[in-house]
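# Coordinates in review
Here are the chains, one letter per residue:
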Amino acid sequence: MDLDLMITSFPKLLGATVITLKLLSASLIFGIFVGLFFAILRLNKNKLINRFAYGYSYVFRGTPLLVQIFIIYFGLGQIEYLRSTFLWVILKEPYWCAIIAFTLNTGAYTSEILRSAFQTIKPGIIEAGKSLGISNKIIFYKIQIPIAIRQSLPAYGNEIILMMKGTSLASTVTLMDLTGVAKYIISTTFKPIEVFIVAGGIYLFMTFLIHNLIKYLEKKYSFQ
Amino acid sequence: MELLVFGKTGWGDELFYATLMTIAVSITAMLVGFFFALIFTPLKLSKYKSLNLIGNFYTTVIRGVPELLVIYLFFFGGSGAIMYVASIFGYYEYIEINAFITGSIAIGIISGAYSTEVFRGAIQSIDKGQFEAAKVLGIGKFTQFYKIVLPQMLRLAIPNLSNVWQITLKDTSLISVTGLVEIMRQSYIAAGSTRDPLFFYSFAAVLYLLLTYLSMKLINRLEVKYSRGY
């Protein structure tokens, strides 16, 4: 055990955690909107729209996140046309490519979580709203969405933790996030166990925080 | 399409073998995972607090740390650890472990943590009366496990195990960082030499989709088989 290395690498790894958290929060925020959008499409009665939303979530959940990042970062740059548009400003940055990939990935999982939450809402609640003369729009925004969010909290908590682990793949497209810096320190010092303990400890601490935050929210918004 | 021709001019055969490699690593990792689950599930269900702690430590750490970090630990630390053990026995030459073995063990340990949780949940959901009935009938612990617990547990565990399989299959793509030539690595090589990353990575995505689709079909059959009588 090389305690000195653990102590000296801790601030470096902590600095890299900022990038991990940035990637995580950006993709989660965008991901919720993508997820909500596709969850609503999934509930649409039109078969074509329904199929499209299902296809999206099937493809993004059935392929590894690594492939998705590589397609976006290495693949899209190949299209000549894209290079001439303003999109290229975003797509040439590994940082934004990673966020796009994470957003689409977490969006697919979030849409599934929200869809099942919408479907488990008791029809009686919606009927009660209707019989009180509340418009469909308000029923959706003020009744269905809040209930669905509460229903999906436990599953979404898992998704946040999965996504936090997913951000480690940003290191494969040259980003120096927590895993990227950990790999760099390992490959220069050849002390994998020490670095693993420190970096893994930081990840575990974040998992712990997220887990407890979700538990707190579940309690706060419980129906009882 | 020319790029996918089998033989020297295309990448068809390379990608085909890479797909077989992905399947081989996934199955090996899944089996390694079962082995770990076999050790840690009893620990988690044990009535001794200290054993519980070991079991919980394993599943919490592995499920809370990114897969890539675990793979780096094994990739960089694996041969070091083996060489250290060998040095105790007086062997000081450099030992390099095969990327297949490192990868399978790394992914296997990850998959094992998920399998452990699945088995624990399945065993816990078996009615207590079943154990008591077995005890009353004087059935030994061993027979009790194989003839009573296991068949019921499998029925409950298969849907969740199919999730673990999907996770494991997708996690094998991460082994490409160690240089093992599976789908992802082969696509990387092909993309680099043809300068057509969009095509090859998209094709890799299709291969993964195909694998997940086919394995789901297969698992559904198993599910039907183990649910007979219900």
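Residues numbered from 1 in each chain as written. Chains lettered and ligands numbered in written order. Predicted model: local features only at pLDDT ≥ 70, side-chain atom pairs only at ≥ 80, totals over all residues.

Here we come to the overall build of chain B. What chain B contains, in helices and strands, is 8 helices and 0 strands. When its helices and strands are written in sequence order, chain B yields α-α-α-α-α-α-α-α. A principal-axis box enclosing the C-alpha atoms of chain B has dimensions of 70 × 50 × 25 Å. In chain B, which comprises 230 residues, the share counted as buried stands at 39%. For chain B, restricting intrachain contacts to residue pairs at least 6 apart in sequence, the fraction spanning at least 24 positions comes to 73%. (Helix = DSSP H or I, 4+ residues; strand = E, 2+ residues; numbered from the N terminus. Buried ≥ 20, exposed ≤ 12 C-beta atoms within 10 Å, placed from the backbone. Contact = placed C-beta atoms within 7 Å.)

So, on to the interface of chain A and chain B. On the chain B side, the residues contacting the 32 residues of chain A number 27 residues. Those elements giving two or more residues to the side of chain A that touches chain B turn out to be α2 (47–62), α3 (65–75), α9 (178–189) and α10 (192–220) of chain A. No other element matches α10 of chain A, which puts 8 residues into the side of chain A that touches chain B. Across the side of chain A that touches chain B, the residue classes break down as 19 nonpolar, 11 polar and 2 charged. (Nonpolar A, V, L, I, M, F, W, Y, C, P; charged D, E, K, R; others polar.)

Below, the discussion takes up the environment of A191 of chain B. Note on placement: A191 of chain B falls in helix α7 (residues 183–194). Beyond its immediate chain neighbours, meaning those up to four positions away, A191 of chain B contacts F74 of chain A together with D196, P197, F200 and Y201 of chain B.

Below, the discussion takes up the nonpolar core. Among the nonpolar cores identified, the biggest contains 108 residues, and I69 of chain A together with V70, I71 and A204 of chain B are the most heavily contacted of them. Residue contributions to this core peak at 12 residues, all from helix α6 (residues 94–119) of chain A. Residues in contact with I71 of chain B, not counting those within four places in the same chain, are A106, L174, I175, V177 and T178 of chain B. (Core = buried A, V, L, I, M, F, W, Y, C linked by C-beta atoms within 7 Å.)

A word on the confidence of the model for chain B. Scored by pLDDT, chain B comes out at a mean of 89, with 98% of its residues at no less than 70. Among the prediction metrics, the complex's ipTM stands at 0.87, with pTM recorded as 0.89. (pLDDT = per-residue confidence, 0-100.)

Moving on to helix α6 (residues 141–171) of chain B. Residue and element names in this part refer to chain B. With 31 residues, α6 should reach 45 Å at 1.5 Å per residue; the first-to-last C-alpha distance of 36 Å falls well below that figure. Most pronounced at I158, the bend in α6 amounts to some 50 degrees, and the proline P159 follows within four residues. For α6, every residue scored as buried is listed here: M153, A157, I158, L161, V164, W165, T168, L169, K170 and D171. (Expected span 1.5 Å × (residues − 1). Bend = angle between axes of the 7 residues up to and from the residue.)

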